[in-house]
Amino acid sequence: MIDELHATAQKYNQKLDHIPKSRNWSTAADLTPLVLKQTEETRNANLPKLSADLIDQALAGGLESPLLLNDKALSIGMLGQQKTALGLLGHLKKMSKSEQLINSINKNINWIN
């Protein structure tokens with residue numbers, strides 16, 4: 001999955017500063033926080049499509065985190081897909097038991113609206 005993430009970034013002429021190359025990666029380490037950091041940085045660089053693509057690849061590669069879905073909603077909201085983003089956030093909010101995540105979701109719903 002790491003190689004695929006880097007290949008996707010290359011399509012956008014970008015480098016992934018927070019995700020190591022596969023040869024430098026330990027399978028015991030958790031990739032999710034690194035993907036989250038990278039996708040946040042990518043959105044902040046006004047590359048929401050790359051952010052969404054990286055999240056989709058991470059999810060397809062087996063990473064499971066409501067935080068990834070939260071970040072995906074932000075990315076697709078930036079792409080003008082507010083209805084889809086709000087639907088994803090609404091579903092995530094219903095499924096979440098974490099008050100911190102629910103607060104983040106509410107903040108993102110307000111930002112997208």
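Numbering of residues begins from 1 in every chain and follows the order in which that chain's sequence is written. Predicted model: local features are reported for residues with pLDDT of at least 70 only, side-chain atom pairs are reported and counted for 80 or more only, and whole-chain, interface and lining totals are derived from all residues. Water and hydrogen atoms play no part in the side-chain values, which are based on all heavy atoms of the structure.

### Focus: the packing of helix α3 (residues 48-60) against helix α4 (residues 66-78)
- Here an axis means a line fitted to C-alpha atoms, over the contact stretch when the element is a helix, while the angle between two N-to-C directions is reported on a 0 to 180 degree scale. Secondary structure is summarised from DSSP: a helix means a run of H or I of at least four residues, a strand means a run of E of at least two, and numbering begins at the N terminus for each. Across the interface, α3 lies against α4 with an axial gap of 8 Å and an inter-helix angle of 150°. Our classification of the angle between α3 and α4 gives roughly antiparallel. The two elements α3 and α4 cross, and the hand of that crossing is left-handed. Packed against α3, whose contacting residues are P48, S51, A52, I55, D56, A58 and L59, the element α4 presents L68, L69, D71, K72, S75, I76 and M78 at the interface.
- Each residue gets one label: Ala, Val, Leu, Ile, Met, Phe, Trp, Tyr, Cys and Pro are nonpolar, Asp, Glu, Lys and Arg are charged, and the others, such as Gly, are polar. Considered class by class, the residues forming the contact of α3 with α4 number nine nonpolar, two polar and three charged. In what follows, roughly perpendicular refers to angles from 65 to 115 degrees, roughly parallel to angles under 35, roughly antiparallel to angles over 145, and oblique to any angle outside these ranges. Helix crossings are classified by the rotation of the near helix relative to the far one: an anticlockwise turn of less than a right angle makes the crossing left-handed, while a clockwise turn makes it right-handed. Note on contacts: a residue pair qualifies if any of its non-hydrogen atoms lie within 4.5 Å across the two residues.

### So, α3
- For a helix, the expected span equals 1.5 Å multiplied by the residue count minus one. In this model α3 runs 18 Å from its N-terminal to its C-terminal C-alpha over 13 residues, within 8% of the 18 Å that 1.5 Å per residue would give.
- Considered for burial, the residues of α3 that qualify are P48, L50, S51, A52, D53, L54, I55 and A58.
- G62 sits one or two positions beyond α3 and adopts a positive phi of about 110°. Accessibility here uses a 1.4 Å probe with only protein chains present; expressed as a share of the type maximum, an area under 20% marks a residue as buried, one over 50% as exposed, and anything in between as partly exposed.

### Some words on the side chain of S75
- Position of S75 relative to the elements: it lies in helix α4.
- Of the residues examined, S75 reaches a relative accessible area of 0% and is grouped as buried.
- Here S75 is in contact with R43, P48, S51, A52 and I55, once residues within four sequence places are set aside.

### Comments concerning the layout of surface pockets
- Put simply, the largest pocket is a space of about 180 Å³.
- Of the two site types, the cavity is a set of points on a 1 Å grid over the protein atoms alone where a 1.4 Å probe fits but cannot get out, and the pocket is an open set with protein on both sides within 12 Å along at least five of seven lines, each lined by residues with an atom within 4 Å of a point. Taken together, L36, E40, R43, L67, N70, D71, L74, S104, K107 and N108 make up the full set of residues lining the largest pocket.
- Counting residues per element, the ones that place at least two in the lining of the largest pocket are α2 (32-44), α4 and α6 (99-112).
- For the lining of the largest pocket, the leading source of residues is α4, giving four residues.
- In terms of residue class, the lining of the largest pocket is made up of three nonpolar, three polar and four charged. Grid points are joined across faces, edges and corners, and a volume is the space filled by probe spheres set on the points.

### Here's the deal with the packing of helix α5 (residues 82-95) against α6
- For the pair α5 and α6, interaxial distance at closest approach is 10 Å and the crossing angle is 160°. Comparing the axis directions of α5 and α6 gives the class roughly antiparallel. In this structure, α5 meets α6 at a crossing whose hand is left-handed. Across the interface between the two elements, Q82, A85, L86, L89, L92 and K93 from α5 touch I102, I105, N106, N108, I109 and I112 from α6.
- The class makeup of the residues in the contact of α5 with α6 is eight nonpolar, three polar and one charged.

Any functional reading would require information that these geometric values do not contain.
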